[in-house]
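Coordinates in review
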Amino acid sequence: ITSNNALFNTLTGTIKNLYVDNYSKTTKNAYGGLIYSASSNATIDNVHMNKVRIHARERIGGIVGSGSSITIRNSSVTDFIPMLYTDTNGLALEDKTFEFDNIYVGSLAGYTYLSFIENSFAQDIDIEVNEVLSTYGVGGLVGRMDNGTLTNAYATGKIECNSVNVGGLVGW
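So, how was this worked out
- Residues numbered from 1 in each chain as written.
- Predicted model: local features only at pLDDT ≥ 70, side-chain atom pairs only at ≥ 80, totals over all residues.
- Heavy atoms only, no water.
- Core = buried A, V, L, I, M, F, W, Y, C linked by side-chain atoms within 4.5 Å.
- Buried < 20%, exposed > 50% of the residue type's maximum accessible area, 1.4 Å probe, protein only.
- Helix = DSSP H or I, 4+ residues; strand = E, 2+ residues; numbered from the N terminus.
- Contact = heavy atoms within 4.5 Å.
- Pairing = 2+ DSSP bridges.
- Salt bridge = Lys/Arg side-chain N within 4 Å of Asp/Glu carboxyl O.
- Polar contact = N/O pair within 3.5 Å; in protein donor to acceptor, adjacent residues only side chain to side chain.

In this structure, I44, I63, V64 and F80 are the most contacted members of the largest nonpolar core, which totals 39 residues. Within the residue set of this core, elements represented by two or more residues are β3 (14-25), β5 (35-38), β6 (43-54), β10 (76-82), β11 (103-106), β13 (116-129) and β15 (142-146). Once residues within four sequence positions are removed from consideration, I63 is found in contact with G33, L34, I35, I44, V47, M49, S75, S76, V77, S107 and L108.

Here it is, written out as structure tokens:
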């Protein structure tokens, strides 16, 4: 599946029992993920993604770019790579700092607020965030989890970042 913005632009309801293989978000707008933005007690349940490539500038996640008051449960992302330093054809960019400032990167979600993540995981992640102006959070699962709860979750793979607010599960 290839999407310019996101497969789902705004989620306020429920997505359940979905498997997505080989997902690529191709435009570098603000948020990136299968779901651009989720809010209002949205629920993501039993959603699994494999081979995820996301082009975006600020809130970059495999399943959700930005979420407020959401629940992610029984879900996973495998083989996640944020495409910060390539164009949509996978070619390396010369200037790696031109548009990246104040970013959040996580395999499940870039940014969450007042949200819950349970029984979920990410594996085979490859996150490289080295040449940006500043990062607000880079994590194996969530870039930034503001006033949220994370239970029974794990992440495996590689995170390479030369900034603060970096964590194996949650960046900040």
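Picking up where we left off.
The strand order across the open sheet built from five strands is β4-β7-β11-β14-β17, with neighbouring strands paired in parallel fashion. Each having just a single partner strand, β4 (31-32) and β17 (166-167) make up the two edges of the open sheet. By the bridge criterion, two bridges tie β4 to strand β7 (residues 59-61) in an arrangement that is parallel. By the bridge assignment, G32 is partnered in β7 with I60.

Positive phi values are uncommon outside glycine, yet N22 reaches one of about 60 degrees. Position of N22 among the secondary structure elements: in strand β3. When its relative accessible area of 42% is taken as the criterion, N22 is described as partly exposed. For S40, which is not glycine, the phi torsion reads 60 degrees and is therefore positive. Note that S40 resides in the loop between β5 and β6.

Turning our attention to the pattern of salt bridges. Any two side chains of opposite charge can pair, given that their charged atoms come close. Scanning all chains against the criterion turns up four salt bridges. In this structure, R53 and D79 form a salt bridge, with 3.3 Å as the shortest nitrogen-oxygen distance. Taken together, the residues span a long stretch of sequence, with R53 in strand β6 and D79 in strand β10 at a distance of 26 residues. With a shortest N-O distance of 3.5 Å, D146 and R144 are connected by a salt bridge. Residue classification places D146 among the buried positions, given a relative accessible area of 17%. According to the relative accessible area criterion, R144 is buried, its value standing at 17%.

On to the environment of S76, then. Locating S76 in the fold gives a position in strand β10. A relative accessible area of 5% places S76 in the buried class. As for S76 and M49, which are separated by 27 residues in sequence, their C-alpha atoms are 6.3 Å apart. When residues no more than four places from it in sequence are discounted, the contact partners of S76 are V47, H48, M49, I63, L108 and F121. One polar contact links S76 to H48, side chain to side chain, over a distance of 2.7 Å.

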